[in-house]
Amino acid sequence: MRPAAPSDSAPIAQLVIEADMFPQEARGFIEEMMASYFATGQASGHACIVDERDGRVVGVAYYQPKTATDRVWDLTMIAVHPALQGQGRGATLLAQVEQDLRDQDQRLLLIETSASAQYDLTRRFYGKNGYDEEARIRDYWEDGDDLVLFRKALKTQ
Ligand SMILES: CC(C)(COP(=O)(O)OP(=O)(O)OC[C@H]1O[C@@H](n2cnc3c(N)ncnc32)[C@H](O)[C@@H]1OP(=O)(O)O)[C@@H](O)C(=O)NCCC(=O)NCCS
């Protein structure tokens, strides 16, 4: 596990597409997001870590502070290569994010996901890692696809 470097941007985009977190058409958007992270995001507190195996990026987590809150964070992106899912890599990434935030005395970590069947395992993953389903917004992503908001208090751990 290490902080992401600029040369990871294309592999990260490839990984999140392969993990089905974003569609193929979103490649440009993800690469722009990473470029903006290296240009200004890091300076405003965003963080991105990667998990490597045999020199290849196989996992990523991106998190950022929520503006106008007292130490609340958003896990914007987490993905593990499909061939390596279900082996504990996602839990290790998430634990690393939480530890980093606890070390900085941060309070809450929020995660937005979908209520659709495609994300059944993802929601289960958050539940298994101690996140509570806190809210739903109906038809958020599109008609019939609700947003599910997960929450974890970092200070009680
Ligand atoms: C969600 C994700 C990051 C979890 O990482 P992971 O390394 O697969 O998860 P772990 O091995 O640490 O944890 C396994 C648990 O997570 C859940 N899980 C989620 N996705 C899974 C998958 N593809 N295969 C197996 N288990 C999965 C299961 O509940 C499993 O525990 P169980 O088998 O005892 O029920 C990863 O599966 C992934 O990249 N999914 C696709 C992208 C995505 O949904 N990202 C989040 C968007 S909000």
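Further up the page is the structure itself.
Read on for a plain summary of the structure.

Cut-offs used in this document
For every chain, the first residue of the written sequence is number 1, and numbering continues from 1 onward in sequence order. In keeping with the predicted nature of the model, local features appear solely for residues at pLDDT of at least 70, side-chain atom pairs appear and are counted solely at 80 or more, and the whole-chain, interface and lining totals rest on all residues. Based on all heavy atoms of the structure, the side-chain values leave hydrogens and waters out of the count. Exposure is judged per residue with a 1.4 Å probe applied to protein chains only, and the accessible area is read against the type maximum: over 50% gives exposed, under 20% gives buried, and values in between give partly exposed. The pairing criterion for strands is at least two bridges between them, as found by DSSP. For the purposes of this entry, the term helix denotes a DSSP run of H or I that reaches at least four residues, the term strand denotes a run of E that reaches at least two, and both are numbered from the N terminus. Helix span is expected to be 1.5 Å times the residue number reduced by one. In what follows, residue pairs with any heavy atoms lying within 4.5 Å of each other are defined as contacts. Definition of nearness: a residue and a molecule or strand are near each other if at least one heavy atom of the residue lies within 4 Å of the molecule or strand. As used in this structure description, the phrase polar contact means that two N or O atoms lie within 3.5 Å; if the pair is within protein, one of them must be able to donate a hydrogen and the other to accept it, and residues adjacent in sequence are counted only when both atoms belong to side chains. Residue burial considers only the protein chains on display, and all accessible areas are found by Shrake-Rupley using a 1.4 Å probe. Just so you know the grouping, Ala, Val, Leu, Ile, Met, Phe, Trp, Tyr, Cys and Pro go in nonpolar, Asp, Glu, Lys and Arg go in charged, and all remaining residues, Gly too, go in polar. Residues qualify for a patch when their relative accessible area is over 30% and they have no salt bridge, like charges being joined within 9 Å and the nonpolar side chains of Val, Leu, Ile, Met, Phe, Trp and Tyr within 5 Å. The working definition used for a salt bridge is a side-chain nitrogen of Lys or Arg within 4 Å of a carboxyl oxygen of Asp or Glu. Among buried residues, those of type Ala, Val, Leu, Ile, Met, Phe, Trp, Tyr and Cys that are joined through side-chain atoms within 4.5 Å constitute a nonpolar core.

### As for unusual backbone geometry
For step 1, the next point in the chain: In the Ramachandran plot, aspartate 105 falls in the positive-phi region, its phi being about 60 degrees despite a non-glycine side chain.
For step 2, the next point in the chain: With a phi close to 55 degrees, aspartate 139 is a non-glycine residue in the positive phi region.
For step 3, the next point in the chain: The exposure class of aspartate 139 is partly exposed, given its relative accessible area of 41%.

### Side note on the sheet that holds strand 6 (residues 132-142)
Strand pairing in a sheet is mediated by backbone hydrogen bonds. Such pairs are either parallel or antiparallel.
For step 1, the next point in the chain: The seven strands are arranged 1-2-3-4-5-7-6 in an open sheet whose pairing can be described as mixed. The open sheet has two edge strands, strand 1 (2-3) and strand 6, and neither has a second partner.
For step 2, the next point in the chain: Note that strand 3 (residues 56-65) and strand 4 (residues 72-80) share seven bridges and pair antiparallel. Paired with proline 65 across the bridge in strand 4 is tryptophan 73.

### Some remarks on helix 3 (residues 89-103)
For step 1, the next point in the chain: Taking 1.5 Å of rise per residue, 15 residues should cover 21 Å, and helix 3 covers 21 Å from first to last C-alpha, within 8% of that figure.
For step 2, the next point in the chain: Of all the residues in helix 3, the buried ones are Arg89, Gly90, Leu93, Leu94, Val97, Glu98 and Leu101.
For step 3, the next point in the chain: Next to the buried residues of helix 3 lie strand 2 (47-53), strand 3, strand 4, strand 5 (108-114), helix 4 (120-128) and strand 7 (145-153).
For step 4, the next point in the chain: Taken from the residues just after helix 3, aspartate 105 is the one with a positive phi, measuring 60 degrees.

### Considering the site of the ligand
For step 1, the next point in the chain: Taken together, 21 residues are adjacent to the ligand, and Gln85, Gly88, Thr122, Arg124 and Lys128 come closest.
For step 2, the next point in the chain: One of the backbone N or O atoms of valine 80 is found 2.8 Å from an oxygen atom in the ligand.
For step 3, the next point in the chain: Here an oxygen atom of the ligand and a side-chain polar atom of threonine 122 are 2.8 Å apart.
For step 4, the next point in the chain: Coverage of the ligand by the protein chains reaches 80% of its 860 Å² of free accessible surface.
For step 5, the next point in the chain: At the level of elements, strand 4, helix 3, strand 5 and helix 4 are the ones that each hand at least two residues to the shell around the ligand.
For step 6, the next point in the chain: Examining the composition of the shell around the ligand, we find that six residues originate from one element, helix 4, more than from any other.
For step 7, the next point in the chain: Residues of the shell around the ligand, tallied by class, amount to ten nonpolar, seven polar and four charged.

### Points about the environment of glycine 90
For step 1, the next point in the chain: With respect to the helices, strands and loops of the structure, glycine 90 is situated in helix 3.
For step 2, the next point in the chain: Through-space distance from the C-alpha of glycine 90 to that of aspartate 103 is 20 Å; in sequence the pair is 13 residues apart.
For step 3, the next point in the chain: Beyond its immediate chain neighbours, meaning those up to four positions away, glycine 90 contacts Ile78, Val80 and Phe125.

### Comments concerning a nonpolar patch on the surface
For step 1, the next point in the chain: Together, Ile137, Tyr140 and Trp141 make up an exposed nonpolar region whose accessible area comes to about 310 Å².
For step 2, the next point in the chain: Taking relative accessible area as the criterion, isoleucine 137 reaches 44% and is therefore assigned partly exposed.

### Quick look at the nonpolar core
For step 1, the next point in the chain: Core analysis: the largest hydrophobic core is formed by 21 residues, its most contacted members being Tyr63, Leu75, Val97 and Leu109.
For step 2, the next point in the chain: Looking at this core, the elements with two or more residues in it are strand 2, strand 3, strand 4, helix 3, strand 5 and strand 7.
For step 3, the next point in the chain: Leave out the neighbours within four places in its chain, and leucine 75 touches Ala61, Tyr62, Tyr63, Leu94, Val97, Leu109, Leu110 and Ile111.
For step 4, the next point in the chain: If you look at the next biggest cluster of nonpolar residues, it comprises 19 residues, including Ile30, Val50, Val60 and Ala79.

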